[in-house]
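# Tertiary structure, described
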Amino acid sequence: MKVSNPNEFSQAGTKAYNSGDYLAAAQHFEAASTGFAAQGDELSAAEMANNLSVALLQAGEAQASLDATLGTPVIFEAANDALRQAMALGNAAAAFDALNRIEEAEEAYKRSIKLFDELGEQDLRANVLQSLSNLQLRSGRQLEALATMQAGMEDIKRPNLRQRMLKKLLKTPFKLFNR
């Protein structure tokens with residue numbers, strides 16, 4: 001398929017990403033971002049930069065992932081697009097996390113969580129809370145990680161079987177503490 005405009009690059013990137021070809025997806029998303037920027041569509045360019053960030057992180061390129069997403073939360077904030085700002089913060093947090101830049105990752109996760117909470121985006125908030133919990137667990141803060149994970153699980157409206165079991169399991173330590 002010959003690709004010639006940013007929308008086509010975006011579609012090709014999504015197709016490559018969904019098939020697990022993250023480096024090809026990254027190339028398409030980068031071309032889409034550049035194309036949208038050349039057209040003066042700053043928001044679409046920033047969205048493609050975030051897609052690029054996710055693809056690069058999946059490909060194991062954490063620093064390039066971070067580089068791709070930096071600056072995009074500010075673009076979305078200036079456009080009063082809190083949803084995409086929260087997503088961009090989450091992407092930056094994941095890249096910081098992969099780079100073991102714990103404090104920066106935690107700060108970005110918390111900002112993302114706050115925005116998702118304000119927007120009422122409980123499922124997205126739950127995903128970021130789970131990522132923050134994993135970071136806290138790796139940092140040796142087990143109780144904090146448990147509390148964060150429990151908060152994330154409580155937000156899931158229709159938990160699957162695994163999530164229901166995890167919710168029940170997470171309540172056990174707190175029941176023990178409240179005796």
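Placed above this text is the structure.
Residues numbered from 1 in each chain as written. Predicted model: local features only at pLDDT ≥ 70, side-chain atom pairs only at ≥ 80, totals over all residues. Heavy atoms only, no water.

Further remarks concern the pattern of salt bridges. Summed over all chains, the structure comprises 6 salt bridges. For Arg84, the salt bridge is made with Asp81, and the minimal N-O distance between the two is 2.6 Å. Between Glu104 and Arg101 there is a salt bridge, with the nearest N and O atoms lying 2.7 Å from each other. Residue class for Glu104 comes out partly exposed when judged on its relative accessible area of 35%. Using a relative accessible area of 31% as the deciding quantity, one classes Arg101 as partly exposed. Within this structure, Glu47, Asp81 and Arg84 form a network of salt bridges that share partners. (Salt bridge = Lys/Arg side-chain N within 4 Å of Asp/Glu carboxyl O. Buried < 20%, exposed > 50% of the residue type's maximum accessible area, 1.4 Å probe, protein only.)

All right, on to the environment of Leu52 then. Residue position: Leu52 is located in helix α3 (residues 42–58). In sequence terms Leu52 and Gly13 are 39 residues apart; their C-alpha atoms lie 8.7 Å from each other. The contacts of Leu52, once residues within four sequence positions are left out, are Ala26, Phe29, Glu30 and Ala68. (Helix = DSSP H or I, 4+ residues; strand = E, 2+ residues; numbered from the N terminus. Contact = heavy atoms within 4.5 Å.)

Structurally, the position occupied by Ser139 is in the loop between α8 (122–138) and α9 (142–154). Residues Ser139 and Ile102 lie 37 residues apart in sequence; the distance between their C-alpha atoms is 8.1 Å.

A few words now on unusual backbone geometry. Here Asn80, not a glycine, exhibits a phi torsion of approximately 55°, which is positive. For Asn80, the position within the fold is in the loop between α5 (72–78) and α6 (82–98). Despite not being glycine, Asn100 shows a phi value in the positive range, around 65°. Mapped onto the fold, Asn100 is located in the loop between α6 and α7 (102–119).

Quick look at the packing of helix α1 (residues 6–18) against helix α2 (residues 22–38) now. Relative to each other, α1 and α2 sit at 160°, their axes nearing to 8 Å. In terms of their interaxial angle, α1 and α2 are classed as roughly antiparallel. Every pair of crossing elements has a handedness; the one defined by α1 and α2 is left-handed. On α2, the residues that touch Pro6, Asn7, Phe9, Ser10, Ala12, Gly13, Thr14, Ala16 and Tyr17 of α1 are Tyr22, Ala24, Ala25, His28, Phe29, Ala31, Ala32, Gly35 and Phe36. Of the residues assigned to the contact of α1 with α2, the class counts are 12 nonpolar, 6 polar and no charged. (Axes fitted to C-alpha atoms, helices over the stretch in contact; angles between N-to-C directions. Parallel < 35°, antiparallel > 145°, perpendicular 65-115°, else oblique. Left-handed = near helix turned anticlockwise from the far one by under 90°. Nonpolar A, V, L, I, M, F, W, Y, C, P; charged D, E, K, R; others polar.)

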